[in-house]
Amino acid sequence: MAEEQSNAIDEFEREPVPRGSLLGFKSFLGMYAGEHCAGTELMIGSLFVAAGVSAFDLVFGLLLGNALAVLSWMLLCAPIATRTRLTLYCQLEKICGRNLVTVYNLANGVMFCFLAGAMITVSATAVGEWIRLRWGEFPMPGLNDLYPNSVGWVFAVLGVGTAISLVAASGYRTVARFANIAAPWMVLVFLGFGLIGLRQFITATGAEIDSAGDLWRLAKNEIWTGGDPLPGKVKFTFWHVTFFAWFCNMAMHVGMSDLTVFRYARKSWYAIATSAGMYVGHFMAWISASILYAYQLHLDPKDTDILPGPLAYKAAGIAGLICVIIAGWTTANPTIYRAGLAFQAIMPKRSRFTVTLLTGLVATVAGMFPAIAMKLLDFVMLYGMVLMPMGAVILVDHYLIRRLGLRNNYAEHSGKTFNVAAAYAWFGTFAVCITVVFLDMKSIVEWLEARNVLSLSDNGREFLVQANQIYFVSLPGWFLAAAIYIVVSAIWQRGIHETSTFRAVAASISWLALAGIVVPPIPYLLGKADLDTVKLLMLCSTILWFLATPLWMGLKRSDRATDD
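No experiment lies behind these values; they were computed from the predicted model shown. (Residues numbered from 1 in each chain as written. Predicted model: local features only at pLDDT ≥ 70, side-chain atom pairs only at ≥ 80, totals over all residues. Heavy atoms only, no water.)

One broad rule of soluble globular proteins: the nonpolar side chains tend to lie buried together. Counting residues in each nonpolar core, the largest one holds 167 residues, and the members touching the most others are Phe28, Trp224 and Phe244. With 16 residues, the top contributor of residues to this core is helix α16 (residues 376–399). With sequence-adjacent residues up to four places away left out, Phe244 is seen in contact with Ile44, Phe48, Trp286, Leu377, Val380, Met381 and Tyr471. (Core = buried A, V, L, I, M, F, W, Y, C linked by side-chain atoms within 4.5 Å. Buried < 20%, exposed > 50% of the residue type's maximum accessible area, 1.4 Å probe, protein only. Helix = DSSP H or I, 4+ residues; strand = E, 2+ residues; numbered from the N terminus. Contact = heavy atoms within 4.5 Å.)

Following this line, the structure appears as C-alpha cells:
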C-alpha cells in the first residue's frame, strides 16, 4: 500500500485527486514509518549528546515536540489537503502566481539538494568504514570539519552519490518498493542499536538494573548527563529538544509541503499516521543513536567524531554498515527525486532523467562537505524557516482571507503571475527571522539592563539571550508571515498602494533607510558608537530599504485587484 501511495503522488498534478484514487490509512502509516527512520537519525541523535542534553530534557522534550509535530500535520496541513486535494505547487500557483512559484521551486530544490547531500554523507561514512576494515586507514571528517579532509573521502562520496543519482533518475519506483521492503528491517536494526548500546553501558559502568528506576539513574548519570556541550555546539535544554522535534519537519507540516501527500487521504485524521514516523524515527531511533555516541564518548572523551558508519559497525557489525548504507540510499533517492521535480518545473523542456541526474550530482558535491551533516540540527531548522512563510500564506488564504473581504487564490482570479503580498510574506519574514538569529542578544540585553530599561532575573536573562536562536524564531515568524500577507493583500487588492499618500509614505521610509546606511558609520568614525551597533543598524536599514522601495519605485497604476 505504501508503494501504491508513493507511485500515485506523481499523478493528478494539475487537478484534484478523484474519489476513486483515495488511499486508506495503512498507506500513510507505512510511508511515514519508513521515511522518518533514515541514516540521518544517527547524526541527529549523536548531535543531541554533543549538545550536552540531559536525560529528562531529551526524553520528555522528544515526547512533547513529536506530539506537536503530529498535531501540526493533523490540524494545519491535512484538513486543507483533504478539502482542496491539490499538490502544494498547484495550490501555490493559484495563490502566488507562476513566477513566484518558480522562485519557490528553486529554493525548495536547493534545500532538497543539501538535505540529500547530508544523507549521502551518512552513507559514505559506512563505505569509508568498510574500506578501513579491509585496507586499513581511511580518513573521514571530524565533528568540526567544514571541508573534505582527504581524496579518499571525496571519491567515497562521489561513488555513493553517483550510484544514488543514477537510480533516482531512472528507477524511482523500484527504489520506493525496496524502501518499503527495507523499512521494517531498518526500524528493528535501529532498535538493536539502542539495546546493544544500553548493554554496553551497563557492562562498562557495572550498573545493576533491577527496575525502571535503576535504568533511569543510568540514563541520567552516565548516558545523557546534561553537562557542557562539546566545543562549537549550542547547549540543548528541554525547549531546544522540544522545538527541534516539532520544527525539524516544519517544511512538511507547517510549511504545507505534505499537501501533496495528504491530498490522497480519505479523511484528514489519517495524518495521525505521522506519529509512526515521529515516535519510531524521531524518538526511538534518535535515542538509540544518542546511546551509541554517548558510549563512544564514555570510552574516550576525546573521540568526538560523529561518524554513523563506525558507530553502527561497533554496535551491529556488518549488518550495521548495511543499515547505514541502505538508510541513506533509500531516503536520499526520493529526496533527489523531489528536488529534480522542483527543478524540472522551472525547466519543463528538459527530461526528468537529465534534470534528476544533474540534481543528484549537485547533492553529491554538497555531500563532500561534511559541514552540512555535522551541523544538521541547524540546517533542518534553516530549511523549515525558508519554506515556513508559504505555509502561513496557504493557511491564511484558505481560512481567513475571504472573511476579511479579500480575494483568495488571488493570482488565479486576477491573472497575475506574481502575488506581491505572498512575496512580501515570504521574503520579509525570512529576512526578519534570519536577522534576529544573527543578533547578539547577550550584548543587547546587557545594554538594556545598563540603562535600566530591563530588570531581569537570571532565568529571564537566560531566556532572552537564547530566544533568538534558530530553533525558536520560526514560531513567531509564522505569525509574522500571516500578518504580512493579510496587510499587504489588503493594500494591494483595495488599491491603496496606488494612492499618492501611500507612495509618499513608502518613499519616506526608503529615504529613512538610506539614512540608516550612511549615518551610523559617522559616530563610529568619531569614536561615539561601537561597531556591532553600527552593523545592526545598517542591516536593519538594508532590510527596510528592500521592503519599502518596491512599494513605490517603478510601479504602474495597473496593479489593482480584479473586482469580484
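That was the structure; now back to the text.
Where helix α4 (residues 55–84) contacts helix α10 (residues 238–247), the axes come no closer than 7 Å and their chain directions differ by 30 degrees. Taken together, α4 and α10 sit at an angle that is classed as roughly parallel. The interaxial crossing formed by α4 with α10 has right-handed handedness. Taking contact as the criterion, the partners of Phe56, Asp57, Leu58, Phe60, Gly61, Leu62, Leu64, Gly65, Asn66, Leu68, Ala69 and Ser72 in α4 are, on α10, Phe238, Val241, Thr242, Ala245 and Trp246. Taken together, the residues of the contact of α4 with α10 break down into 11 nonpolar, 5 polar and 1 charged. (Axes fitted to C-alpha atoms, helices over the stretch in contact; angles between N-to-C directions. Parallel < 35°, antiparallel > 145°, perpendicular 65-115°, else oblique. Left-handed = near helix turned anticlockwise from the far one by under 90°. Nonpolar A, V, L, I, M, F, W, Y, C, P; charged D, E, K, R; others polar.)

Okay, the packing of aromatic side chains next. Going through the model one piece at a time under the given rule, you end up with 33 aromatic pairs. Relative to Trp426, the ring of Tyr104 lies with its centre 5.7 Å away and its plane at 55 degrees, an arrangement referred to as tilted. Of this pair, Tyr104 sits in helix α6 (residues 98–135) while Trp426 sits in helix α18 (residues 420–437); the two residues are 322 residues apart in sequence, bridging distant segments of the chain. Considered together, Tyr104 and Trp426 belong to a single accessibility category, that of buried residues. Counting every residue linked through ring pairs, the aromatic cluster contains Phe56, Phe60, Trp216, Phe238, Trp239, Phe243, Trp246, Phe247 and Phe472. Lying across the ring of Trp135, Arg134 places its NZ or CZ 5.3 Å from the centre. (Phe/Tyr/Trp six-rings, centres within 6.5 Å; stacked < 30°, edge-to-face > 60°. Lys NZ or Arg CZ within 6 Å of the ring centre and 35° of its normal.)

This part covers the packing of α4 against helix α12 (residues 274–299). Two elements in contact, α4 and α12, have axes separated by 9 Å at closest approach and are oriented at 155 degrees. With respect to α12, the element α4 is oriented roughly antiparallel. At the point where α4 passes α12, the crossing takes the right-handed sense. Of the residues in α12, those in contact with Leu58, Val59, Leu62, Leu63, Asn66, Ala67, Ala69, Val70 and Trp73 of α4 are Thr274, Ser275, Met278, Tyr279, His282, Phe283, Trp286, Ile287 and Ser290.

In this section: the side chain of Asn249. As for its position among the elements, Asn249 is in the loop between α10 and α11 (259–262). The buried category is assigned to Asn249, whose relative accessible area is 12%. Apart from the residues lying within four places of it in its own chain, the contact partners of Asn249 are His36, Trp73, Met278 and His282.

What follows is about the environment of Phe427. Relative to the assigned elements, Phe427 resides in helix α18. For the pair Phe427 and Phe546, spaced 119 residues apart in the sequence, the C-alpha separation amounts to 9.9 Å. Those residues in contact with Phe427 that lie beyond four places of it in its chain are Leu100 and Val103.

Counted according to the given criterion, the structure contains 4 salt bridges. One salt bridge connects Glu93 with Arg98, and the closest N-O pair in it is separated by 3.7 Å. Residue Glu129 is joined to Arg132 by a salt bridge in which the shortest nitrogen-to-oxygen separation is 3.3 Å. Of this pair, Glu129 and Arg132 both sit in helix α6, 3 residues apart, which is roughly one turn of the helix. (Salt bridge = Lys/Arg side-chain N within 4 Å of Asp/Glu carboxyl O.)

The subject of this paragraph is the environment of Ala467. Following the sequence through the fold, Ala467 ends up in the loop between α20 (458–466) and α21 (474–493). The spatial distance from the C-alpha of Ala467 to the C-alpha of Gly97 is 35 Å, given a sequence separation of 370 residues. Once residues within four sequence positions are removed from consideration, Ala467 is found in contact with Phe472 and Val473.

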